[in-house]
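# Coordinate inspection notes
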Amino acid sequence: QVQLVESGGGLVQAGGSLRLSCAASGSIFSIYNMAWYRQAPGKQRELVAGSTRGGSANYADSVKGRFTISRDNAKNTVYLQMNSLKPEDTAVYYCNANIRTWSYTTNDYWGQGTQVTVSS
């Protein structure tokens, strides 16, 4: 089976920074796209940033210039560096990865979510 384990969430004041990490493990043949989503209370889950295996990245307009997604393919890990945090960034952040397993099946997998709270 495949698991995504997230870390790095917490409480930070506005203007501060956090770095989220997500490590994939299990019966992994290859990891394709990896991404970070977030979901605030009462709202739908939205894409924050995505990264291809080759390193091409895309960002939501609301975080562009403040957040940076990166990955270490050797470690099966994706990161999200969050700078200049705002209260509106408060949400549960979820890691997502498109993975082909050794059973020759490609699926999307999700982490358990990590809480990010930005106080004003």
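Everything discussed here concerns the structure shown above.
Description of the structure in this document.

Cut-offs applied
- Residues numbered from 1 in each chain as written.
- Predicted model: local features only at pLDDT ≥ 70, side-chain atom pairs only at ≥ 80, totals over all residues.
- Heavy atoms only, no water.
- Helix = DSSP H or I, 4+ residues; strand = E, 2+ residues; numbered from the N terminus.
- Buried < 20%, exposed > 50% of the residue type's maximum accessible area, 1.4 Å probe, protein only.
- Pairing = 2+ DSSP bridges.
- Axes fitted to C-alpha atoms, helices over the stretch in contact; angles between N-to-C directions.

Attention now moves to unusual backbone geometry. In this structure, Asn-76 is a non-glycine residue whose phi angle is positive, near 50 degrees. Relative to the assigned elements, Asn-76 resides in the loop between β7 (67-72) and β8 (77-82). A relative accessible area of 24% means that Asn-76 is categorised as partly exposed. The backbone of Ser-84 sits at a positive phi, close to 50 degrees, despite the residue not being glycine. Relative to the assigned elements, Ser-84 resides in the loop between β8 and β9 (91-101). Taking the relative accessible area as the measure of exposure, Ser-84 reaches 42% and is therefore partly exposed.

What follows is about the sheet that holds β7. Pairing is antiparallel across the open sheet formed by four strands, whose spatial order is β1-β3-β8-β7. The two strands at the open ends of the sheet, each matched to only one other strand, are β1 (2-7) and β7. Taking the axes of each pair of neighbouring strands and ignoring which way they run, one obtains an average angle of 15 degrees across the sheet. Relative to β8, β7 runs antiparallel, the two sharing six bridges. Each residue of the ladder has a partner; that of Arg-71, found in β8, is Val-78.

Without other data, these values stay purely geometric and don't point to any function.
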